[in-house]
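# What the coordinates show
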Amino acid sequence: MNAPREDRRCLAFLVLAVVPLAGCGGSQNALAPESHQARDIATLFWWMMGGAWVGLGLVVGLLLWSWKRRNRRGFGRDVEGDKPGEKRSWYAVVVLGIVMPIAVISTLFVVSDLFVIKTTQAPASTTTKLTVQVIGHQWWWEVRYPGTTAVTANELHIPARTPVRVEVKTADVIHSFWVPELNRKIDTIPGRSNVVELDADQVGRYRGQCAEFCGLQHAHMAMYVFVDEPSAFRRWLAQQEKPVEAPSSALAERGARLFLDGPCSSCHAIRGTDADGYVGPDLTHVASRATLGALTVSNTPDDLRQWILHSQQAKPGNQMPDFNASGARLDALVAFLEGLK
Ligand code: CUA
């Protein structure tokens, strides 16, 4: 084999080896932990990764060694084998094939099951100060703060440095709530409630994603966890608890009538009005949210307008039909929704 060709193969191998790593980094990175639970998970991952590399090195080393030995003797000559060598191979089989796997798997079991699973678990009792309910829907997240009237969608606000008990449920199929930088995933199972704890070290915005295939728009079932300073969190919650304010302009007033008399109100709720639908997200404070459609598009007036007209284009299969509104009616609807801060 000539050298340039071998170099090219080496290069191709390196490129292929690097491609899977390109997914690391950026937001939603389990290897950039921001809580003590996520740190334990990342540490376990690195130990497993290190162990896997040592195992791979050992296997490749043994392969090379046996290949070299075989070449020295000549191909086929060692079929019968000499007696002392045969005995050594039996030791190798027992140690490397039986003793070592048992030792490695037992160690992993002890470290993951007895240590990391415990440290990442939510406390059994309701000793935590704050509980948040998250309900998975095809394909968005409903968020409730028990004891308050606040209901939001696709974004969870929590105070920093405070253990928060997150109770997850589903309104339809199995989903999985996962915020990689904060803790492990937790499935939402029909008919039961599961719990995970979020305890973020610092203020920031963390992306979460449904981690269980749940239909056509599984990929567009994401959320943001906003970690605020405790005082900012309390202000946010107080604002979310307020019912809707009266429309501030004639245009918004027209939009409100369109919303309440039209089809919107049969699927969406707005606290303080007659709209009490439960099919889509509660829109009482929709204008305070960063995105629409579970992080499908940003929540700007332009995107909101496009979302109302063509949500089936942005997120095919979602429960909201495209809304055929003329320019003036659309302006009014957008003005009304934009006022719901
Ligand atoms: Cu919900 Cu995937």
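None of these values were measured; they are calculated from a predicted model.

## Comments concerning the packing of aromatic side chains
- Taken as a whole and assessed by the stated rule, the structure comprises seven aromatic pairs.
- Note on Tyr 145 and Trp 236: the rings are 5.4 Å apart at their centroids and 65 degrees apart in plane angle, and the pair reads as edge-to-face. Linking Tyr 145 in the loop between β2 (140–144) and β3 (151–153) with Trp 236 in helix α4 (residues 230–241), this pair joins segments that are 91 residues apart in sequence.
- An aromatic cluster is defined as three or more aromatic residues linked by ring pairs; in this entry it consists of Tyr 145, Phe 233 and Trp 236.
- Here Lys 185 stacks its cationic end above the ring of Trp 178, 4.6 Å away from the centre of that ring.
- Sitting above the plane of the Tyr 224 ring, Arg 205 keeps its charged end 3.9 Å from the centroid.

## Concerning the pattern of salt bridges
- The full count for this structure, using the stated rule, is six salt bridges.
- Across the salt bridge formed by Glu 142 and Arg 144, the nearest N and O atoms sit 2.4 Å from each other.
- A relative accessible area of 31% places Arg 144 in the partly exposed class.
- Among the salt bridges present, the one from Glu 253 reaches Arg 257, with a minimum N-O distance of 3.8 Å. Taken together, the residues span about one helical turn, with Glu 253 and Arg 257 both in helix α5 (residues 250–261) at a distance of four residues.
- Its relative accessible area of 34% is what places Glu 253 among the partly exposed residues.
- On the accessibility criterion, Arg 257 (46% relative accessible area) is partly exposed.

Parameters at a glance
- Residues numbered from 1 in each chain as written.
- Predicted model: local features only at pLDDT ≥ 70, side-chain atom pairs only at ≥ 80, totals over all residues.
- Heavy atoms only, no water.
- Phe/Tyr/Trp six-rings, centres within 6.5 Å; stacked < 30°, edge-to-face > 60°.
- Helix = DSSP H or I, 4+ residues; strand = E, 2+ residues; numbered from the N terminus.
- Lys NZ or Arg CZ within 6 Å of the ring centre and 35° of its normal.
- Salt bridge = Lys/Arg side-chain N within 4 Å of Asp/Glu carboxyl O.
- Buried < 20%, exposed > 50% of the residue type's maximum accessible area, 1.4 Å probe, protein only.

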